[in-house]
Amino acid sequence: MDHNGTLVPTESAPGSWNLQWKLMCPACGITEVERAADGGDHGSVTVHPDRDAYDSPLGTRGGYLQVDLTCAAGHGFAFIMGNHKGEEFVGVVPRV
């Protein structure tokens, strides 16, 4: 899926360099997205330790942050942020 179908720009303060987007469900495109109900607010966010393995859902090596999300229609997915070789990656992947 094209990132334009998942990230929607929102208004920022005038003159600000703050970049902000709404995250849309990659399955249906609605913007009503919340942290996954099965994990609760605290169980929905997981910091995975920095390991010397390519175990991130993005295929990166090292630690990553995972936020489990569910849209109002019930589609589950995860927002992932990880680092690999000095670069930061973000991605949206199906939650299994």
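Residues numbered from 1 in each chain as written. Predicted model: local features only at pLDDT ≥ 70, side-chain atom pairs only at ≥ 80, totals over all residues. Heavy atoms only, no water.

**Focus on the nonpolar core**
Short version of the rule: The nonpolar core is taken to be a set of buried Ala, Val, Leu, Ile, Met, Phe, Trp, Tyr and Cys residues, with the residues joined through side-chain atoms within 4.5 Å. Only protein chains enter the area calculation, which uses a 1.4 Å probe; residues under 20% of their type maximum are buried, those over 50% are exposed, and those in between are partly exposed. We call two residues in contact when some of their heavy atoms are within 4.5 Å.
Counting residues in each nonpolar core, the largest one holds six residues, listed as Leu23, Cys25, Val67, Leu69, Cys71 and Phe77. Discounting chain neighbours no more than four positions away, the residues touching Cys25 are Ile30, Val33, Cys71, His75 and Phe77.

**With respect to the side chain of Ser44**
Short version of the rule: Numbering of helices and strands runs from the N terminus; a helix is a DSSP stretch of H or I covering at least four residues, while a strand is a stretch of E covering at least two. Distance and chemistry together define a polar contact, namely a pair of N or O atoms within 3.5 Å, with one atom able to donate a hydrogen and the other to accept it when in protein, and with adjacent residues in sequence counting only for side-chain atoms on both sides.
Residue position: Ser44 is located in the loop between helix 1 (40–43) and strand 4 (45–48). For Ser44, a relative accessible area of 1% translates into the label buried. Among the polar contacts listed, one links the side chain of Ser44 to the backbone oxygen of Ala36, at a separation of 2.9 Å.

**Quick word on the pairing of strand 7 (residues 87–94)**
Where a strand is regular, its side chains alternate between the two sheet faces. We count it as follows: Only strands joined by at least two bridges in the DSSP assignment are considered to pair.
In this sheet, strand 7 lies alongside strand 6 (residues 76–84) in antiparallel orientation, the contact comprising eight bridges. Bridge pairing in strand 7 links Met81 to Val90.

**Here's the deal with the side chain of Thr60**
Structurally, Thr60 can be placed in the loop between strand 4 and strand 5 (64–71). A polar atom in the side chain of Thr60 sits 3.2 Å from the side chain of Ser56. The contacts of Thr60, once residues within four sequence positions are left out, are Ala53, Tyr54, Asp55, Asn83, His84 and Phe89.

None of the figures reported here should be taken as evidence of function without further support.
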